[in-house]
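Okay, here's what each chain looks like letter by letter:
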Amino acid sequence: MERSSTSAERSLNRKVLLGITGGIAAYKSATLLRLLVKAGAEVQVVMTRSAHDFVTPLTLATLSKRPVLTDLFVHDGSGRWNDHVHLARWADVMIIAPATANTLAKMAHGICDDLLLACFLSAEAPVYVAPAMDLEMYKDASTLSNLNLLRERGVRSIGPESGELASGLVGEGRMTEPEAIVERLISDLLGASKLQGRHILVTAGGTQEAIDPVRYIGNRSSGRMGFALAEEAASRGAMVNLVTGPVSLTTDRPGVTRTDVVTAAEMASACKSLQPEQDITIMCAAVADLRPKDPASNKIKKQGAVRSLELEGTEDILAWMGAGKRKGHILVGFALETNDELIRAKEKLERKNLDLLVMNSLKDEGAGFGHDTNKVSLLMPGKDPEELPLMSKADVARIILDRIEELI
Ligand code: CTP
């Protein structure tokens, strides 16, 4: 078993659409972008044409590791366009920093003459603006009334601050410092999570059971669902122990301590030793139910090899946890059923003494092994099953953790 750990701190694992408009404060947008990425966010930059005069797309593309977008239409004869609807739906949050008087005015009046404004009009996610302009422009009745109109419609304004302005005047109009913007986003988006400071054990991936030193019995679990859960829990401030079977995934999310195991027996022993300090356990791993009884110590040759394997059961870790569950300990299991799904899942929920069971059905296209998406139903004792639509594993992780927070 191999262990590596990092310290716990909150991170912003959200998709951020960063709009940059043409004001001198745009030079701070590069720092804001850097801080957002450092905090764990995936950032797509959309900038207005005039913002190019203040900060280069190359700088922003390098920092965000994504092409920077400006125009609605791609002028390369291909007839393509930058799909504002898709971009706006992709984002968990949109922040326009700096937001000039001109862009605020257009936002307030539904003008849509560039990609940034088209994204704003299409946005379903919360939209923040960090206004930045000179004193008189900010104090102008039209700017103040545009900003008020936007606030009334739910746009959240950060700043502006008072201080020295680019003109040399002193007063209101400075863009809020990037550190404070990131702090505000983290506190608004992650809220005061009930997972803050809690110990959570998450298992991920599948186990491998040796037939001989070369071959094993395994399964198709990629580990993605478990990793998404571990990362989301850590970004809500939990101290996460992630016990994973062999997977090709990595995580550098602060707050996640990873233990690598190979077999069901190793996973059982890692989980049992971590169990006493856990507040919540999420058994997402596809643990082998059976293993070869007598794995060969040398490679089995095809000449003269027996054609059948004798198997024995592994320990059911989740059932062991359910049987000895402490008061207040929240236990979450996963089930993958192919027929009579709900009946079997309900039975498993009770038999294993679980607080929540996440049921995958292999019948659903795009769900389960090897996909980035998943379609699950959530079962809790005494409640009707909650059937979720097909969504990304990161989004499924968020809903599972929301439900767990409701249970705390
Ligand atoms: N699990 C476990 N230890 C095992 C096998 C499974 O902890 N040895 C956990 C999984 O991590 C998952 C849940 O049990 O959370 C579902 O396991 P599953 O194999 O679907 O259910 P079983 O109870 O083994 O029943 P069946 O094989 O009949 O579906």
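Residues numbered from 1 in each chain as written. Predicted model: local features only at pLDDT ≥ 70, side-chain atom pairs only at ≥ 80, totals over all residues. Heavy atoms only, no water.

Asker: Can you break down the packing of helix H4 (residues 101–108) against helix H5 (residues 115–122) residue by residue, with the values?
Answerer: Packed helices, taken two at a time, are described by the angle between their axes plus the distance between the axes. Relative to each other, H4 and H5 sit at 40°, their axes nearing to 10 Å. One way to sum up the angle between H4 and H5 is to call them oblique. For the pair H4 and H5, the sense of crossing is right-handed. Every residue of H5 that contacts H4 at Thr103, Lys106 and Met107 is listed here: Leu116, Leu117 and Phe120. (Axes fitted to C-alpha atoms, helices over the stretch in contact; angles between N-to-C directions. Helix = DSSP H or I, 4+ residues; strand = E, 2+ residues; numbered from the N terminus. Parallel < 35°, antiparallel > 145°, perpendicular 65-115°, else oblique. Left-handed = near helix turned anticlockwise from the far one by under 90°. Contact = heavy atoms within 4.5 Å.)

Asker: An account of the pattern of salt bridges is needed here, citing residue identities and associated values.
Answerer: Here the idea is simple: oppositely charged side chains can pair when their charged atoms come close. Taken as a whole and assessed by the stated rule, the structure comprises 25 salt bridges. For glutamate 42, the salt bridge identified is with arginine 66, shortest N-O distance 2.7 Å. Residue glutamate 42 is found in strand E3 (residues 42–47), and its partner arginine 66 is found in the loop between helix H2 (57–64) and helix H3 (84–90); the two are separated by 24 residues along the sequence. For arginine 66, a relative accessible area of 24% puts it in the partly exposed group. Measuring nitrogen to oxygen at the nearest pair gives 2.8 Å for the salt bridge that ties lysine 352 to aspartate 316. Of the two residues, lysine 352 sits in the loop between helix H12 (341–351) and strand E18 (356–361) while aspartate 316 sits in the loop between strand E16 (311–313) and helix H11 (317–323), which places them 36 residues apart along the sequence. With a relative accessible area of 31%, aspartate 316 lands in the partly exposed category. One network of salt bridges, in which partners are shared, links Arg14, Asp92, Glu232, Arg236, Asp395, Arg398, Asp402 and Glu405. (Salt bridge = Lys/Arg side-chain N within 4 Å of Asp/Glu carboxyl O. Buried < 20%, exposed > 50% of the residue type's maximum accessible area, 1.4 Å probe, protein only.)

Asker: Account for the domain arrangement of the protein chain, naming residues and giving values.
Answerer: Many authors give the size of an interface as the accessible area that is lost as the parts come together. Assigned domains of the protein chain: these are domain 1 (15–190) and domain 2 (199–295 + 311–407). Here the C-alpha centroids of domain 1 and domain 2 sit 39 Å apart. (Domains from an automatic or database assignment.)

Asker: Explain the sheet that holds strand E4 (residues 93–99) to me, using residue names and the numbers behind them.
Answerer: Across the sheet, which stays open at both edges, the five strands sit in the order E3-E2-E4-E5-E6 with parallel pairing between neighbours. One side of each edge strand has no neighbouring strand; the edge strands of this open sheet are E3 and strand E6 (156–157). In this structure, E4 lies alongside strand E5 (residues 127–131), joined through four bridges in parallel fashion. The residue bridging methionine 94 from the neighbouring strand is valine 127, located in E5. (Pairing = 2+ DSSP bridges.)

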